[in-house]
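As a plain string of letters, each chain reads:
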Amino acid sequence: MSETTGYRLLKNHTEEGEEEREGKEHEKKILIQEEDAAGQNEESAERSSLWKAVANLMSSIEGTGLLALPYVIAESGLVAIAALVVVPFITYYTGAILIECLYETNNEGERIRVRSNYKELGKACWPRFGGAIVAAVQLIELFMLASLYLVLCASLSSSIFPGIPVSDKIWMVIAATIGFPTIFVKNISQAAWFSLVSVVALSVAVIAVLAFGIAHGSKWNLNLILVRNIDEAPVSLALIIFSFICHPILPGVEESLQNRSQFRKMLALSYTFVAILKIFVLSCRLAQIFQNPDIPDVIVNSLPMGFLRVFVNGFLILNVLFSYPFRVITIIHTIEEIFSVDSLPFRCPEIVWFIGIRVFTNFLTLLPAISIPHFALFMSFIGSLTGSCVALIFPAVFHLNIQKDNLKLYQITFDILVIFVGVFASFTGLIFTGKKILQL
């Protein structure tokens, strides 16, 4: 009886122990599942929806280039208008094939993302020096684009505060100082909220200018755009290419999408909305709303002095200040992909690296800005020097090299044509833009 009782006690204890262990293991599984779910939710929260990505990309494509387009049309007429129709289609195509080159198909027929940025694409195309060349061009492009926001902000501020004895360089320093705290966000998805504000501010300004142009519709004159100044065409083409550049940031934008299969749709929507916004350019020029035959490089600075100019320029300044963080954060991410705190030859706390790289980047974007005498010409110079490379030449070359086994004859032919257009635009743009800069 005692043996039976002891056996039962031992059996019950063993069963209880097993149940307890099973319970603990079950609890561990639940905890692991909860941690995985929390990690997935956190990763999903950091990713961008389709419309947040569209807002980011519109903020990148639009902005500074938009305000110089009336000047371009005034200089080149129908040549510039033809370029405004053709260039967006080409840059959409090169943006799409650029992302294709990030992927490869495995033996099971699945597309796998094997590359993550422009540098890796360059390395895949030219293993020895390609990564370094592409990274250098990309960084130059990004720094110059960020600098242009400061140049534009200074021009707009001087226009609405002509009585304040502050030089454009001081306005640039003020703009960089105001924008500095906003570059401490940690990822592109968070910066999307700044981009959304910038797009709204830009839209308000554009609508106001369109309304003004429509109100003066009786002064429209089609002959104003029939000028064919061939000497200005290379400068105008380079500036228009510049106004559609977004390619250096496309790998990051595509990676941040919650549903990456929507990338082409997102790219198409972004370019469509940008094209619609550019309609105001034709309205400005056709109506000659500013009563000034000498169109300035920042078109809104020719609006009549008063409430309208202050209103429009004020919203454009908001657009600039809220677009600046996205540009600078992209630069920071690019630098951090090349260098890390662990790669430094000396020990550096992560917080020092985090703050230091942002201070350094903010300062470097200011240097080109205070050295540029002419807004539109500097944009044209960027379009010629790096814009044609990152938006036209590099994507087509990557596509021909990396995807060569999957391409059809018409794709090869079109890629070669895009490369030719890019080289021609870069070469002629540098010559003619450089001449005009030296004449200043």
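Going by the annotation in an unreviewed UniProt entry, the name recorded for the chain is Amino acid transporter transmembrane domain-containing protein, with Pocillopora damicornis given as the source organism. One UniProt comment on the chain, placed under Sequence similarities (unreviewed entry), says "Belongs to the amino acid/polyamine transporter 2 family." In its Subcellular location (unreviewed entry) section, the UniProt entry covering the chain states "Cytoplasmic vesicle membrane".

Q: Got a sec to walk through the overall build of the chain? Specific residues and values, please.
A: If you tally the helices and strands in the chain, you get 16 helices and two strands. By the burial criterion, 51% of the 440 residues in the chain qualify as buried. When contacts within the chain are restricted to residue pairs at least 6 apart in sequence, those whose partners lie at least 24 apart make up 82%. For the chain, the exposed area adds up to about 21400 Å²; of that, 64% sits on carbon and sulfur atoms.

Q: Provide a residue-level description of the side chain of S380, including the pertinent values.
A: Secondary-structure assignment places S380 in helix α15 (residues 375-402). Owing to a relative accessible area of 0%, S380 belongs among the buried residues under this scheme. Not counting residues up to four positions away in its chain, the partners in contact with S380 are V235, A238, L239 and T433.

Q: Describe the packing of aromatic side chains, naming the residues involved and giving the relevant values.
A: Both the distance between ring centres and the angle between the ring planes are used here to describe each pair of aromatic rings. For the structure shown, the criterion picks out 10 aromatic pairs. Ring centres of Y118 and F394 lie 6.5 Å apart, and the angle between their planes is 55°; on these two criteria the pair is classed as tilted. Within this pair, whereas Y118 is found in helix α5 (residues 118-125), its partner F394 is found in helix α15, the two being separated by 276 residues in sequence. Note on Y118: relative accessible area 1%, which makes it buried. Consider the rings of F394 and F398, whose centres lie 5.8 Å apart with planes at 20°: the pair is stacked. In this pair, F394 and F398 are both assigned in helix α15, four residues apart and thus about one turn of the helix distant. For F394, a relative accessible area of 7% translates into the label buried.

Q: Go over the packing of helix α6 (residues 130-160) against helix α7 (residues 168-179), please, and point to the residues and values.
A: It is the contact of α6 with α7, at a shortest axis distance of 8 Å, that shows an interaxial angle of 120°. Compared by their axis directions, α6 and α7 come out oblique. Relative to α7, the crossing made by α6 is right-handed. Residues L150, V151, C153, A154, S157 and S158 of α6 form the contact with α7, whose participating residues are D168, W171, M172, A175 and A176.

Q: Go over α5 with me, naming the residues and quoting the values.
A: Taken as a whole, α5 has its buried residues at Y118, L121, G122 and C125. In an axial view of α5, the angular spread of the buried residues amounts to 100°, which keeps them on one side of the axis. Tucked inside the fold, the buried residues of α5 contact α4 (78-100), α6, α10 (250-256) and α15. At the N-terminal boundary of α5, the capping side chain belongs to N117, with an oxygen 3.1 Å from the backbone nitrogen of K119.

Q: Now, about a nonpolar patch on the surface: what can you tell me, with residues and values included?
A: A cluster of nonpolar side chains, contributed by I351, V352, I355 and V359, occupies part of the molecular surface with about 330 Å² of accessible area. Examined against the element boundaries, I351 turns out to sit in helix α14 (residues 350-369).

Q: Please give an account of the environment of G314 that cites residues and values.
A: Here G314 shows up in helix α13 (residues 307-338). Here G314 falls in the partly exposed class, since its relative accessible area comes to 26%.

Q: Hey, could you go over the pattern of salt bridges for me, with residue numbers and the actual values?
A: Pairing is possible between side chains of opposite charge, provided their charged atoms come close. This structure, assessed with the given rule, holds three salt bridges. The shortest N-O distance in the salt bridge between R264 and E100 comes to 2.4 Å. Taken together, the positions of R264 in helix α11 (residues 263-277) and E100 in helix α4 put the pair 164 residues apart, joining distant regions of the chain. For E100, a relative accessible area of 26% translates into the label partly exposed. With a shortest N-O distance of 2.8 Å, E254 and R113 are connected by a salt bridge. Within this pair, whereas E254 is found in helix α10, its partner R113 is found in strand β2 (residues 111-113), the two being separated by 141 residues in sequence. Taken individually, E254 and R113 each receive the classification buried, so the pair is uniform in this respect.

Calculation notes
- Residues numbered from 1 in each chain as written.
- Predicted model: local features only at pLDDT ≥ 70, side-chain atom pairs only at ≥ 80, totals over all residues.
- Heavy atoms only, no water.
- UniProt positions renumbered as here; feature names shortened; annotations may be inferred.
- Helix = DSSP H or I, 4+ residues; strand = E, 2+ residues; numbered from the N terminus.
- Buried < 20%, exposed > 50% of the residue type's maximum accessible area, 1.4 Å probe, protein only.
- Contact = heavy atoms within 4.5 Å.
- Areas by Shrake-Rupley, 256 points an atom, 1.4 Å probe, with all protein chains shown as cover.
- Phe/Tyr/Trp six-rings, centres within 6.5 Å; stacked < 30°, edge-to-face > 60°.
- Axes fitted to C-alpha atoms, helices over the stretch in contact; angles between N-to-C directions.
- Parallel < 35°, antiparallel > 145°, perpendicular 65-115°, else oblique.
- Left-handed = near helix turned anticlockwise from the far one by under 90°.
- Arc of directions from axis to C-beta.
- Polar contact = N/O pair within 3.5 Å; in protein donor to acceptor, adjacent residues only side chain to side chain.
- Patch = residues over 30% accessible without salt bridge, like charges linked within 9 Å, V, L, I, M, F, W, Y side chains within 5 Å.
- Salt bridge = Lys/Arg side-chain N within 4 Å of Asp/Glu carboxyl O.

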